[in-house]
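# Analysis of the macromolecular model
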Amino acid sequence: QVQLVESGGGLVQAGDSLRLSCAASGRFLSTYGMGWFRQAPGKERDFVAGMPWFGGRIDYADSVKGRFTISRENAKRMVYLQMNSLKPGDTGVYYCAIDRNGSGSRHETRYDFWGQGTQVTVSS
């Protein structure tokens, strides 16, 4: 089992930056793929960014490409999402997730463990 805890969310203005953190505990392996998803009010949860465990292509949703960056520090069991030039459309609850198969897929059904989420609100 792996437990994930997100932090770093908050209320910001359009154009601001935030860095979300995801701390993993339990059986966390460097071979796990990682992903960030978000859920806006009244909408389904959507893919934001995915990172394969090694050597694979990091993937971003088109809506965040060039503004968001996913990264990880395996030794610290941390995953990050740097979010720049935030827009009101980025508002939502952000979740990190682990893919034990290591792919960092866009599809949430591929992920095995999820955090509880952290709220990001971007005002115009």
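Fair warning: this is a prediction, and the values are worked out from it, not measured in the lab.

The next point concerns the packing of aromatic side chains. Note on aromatic pairs: each is described by the distance of the centres and the angle between the planes. Counted according to the given criterion, the structure contains four aromatic pairs. Each ring, one from Phe37 and one from Tyr111, has its centre 5.2 Å from the other, and the planes form 80°; the classification is edge-to-face. Residue Phe37 is found in strand β4 (residues 33-39), and its partner Tyr111 is found in the loop between β9 (92-99) and β10 (113-114); the two are separated by 74 residues along the sequence. Neither Phe37 nor Tyr111 differs from the other in exposure class; each is buried. Put simply, the rings of Phe37, Phe47, Tyr111 and Trp114 touch in pairs and so form one group of aromatic residues.

Take Arg67: it is sitting in the loop between β6 (59-60) and β7 (68-73). Using a relative accessible area of 11% as the deciding quantity, one classes Arg67 as buried. Between the C-alpha atoms of Arg67 and Asn84, which are 17 residues apart in sequence, the distance is 5.1 Å. Only 2.8 Å separates the side chain of Arg67 from the backbone oxygen of Ser63, close enough to count as a polar contact.

Calculation rules
Residues numbered from 1 in each chain as written. Predicted model: local features only at pLDDT ≥ 70, side-chain atom pairs only at ≥ 80, totals over all residues. Heavy atoms only, no water. Phe/Tyr/Trp six-rings, centres within 6.5 Å; stacked < 30°, edge-to-face > 60°. Helix = DSSP H or I, 4+ residues; strand = E, 2+ residues; numbered from the N terminus. Buried < 20%, exposed > 50% of the residue type's maximum accessible area, 1.4 Å probe, protein only. Polar contact = N/O pair within 3.5 Å; in protein donor to acceptor, adjacent residues only side chain to side chain.

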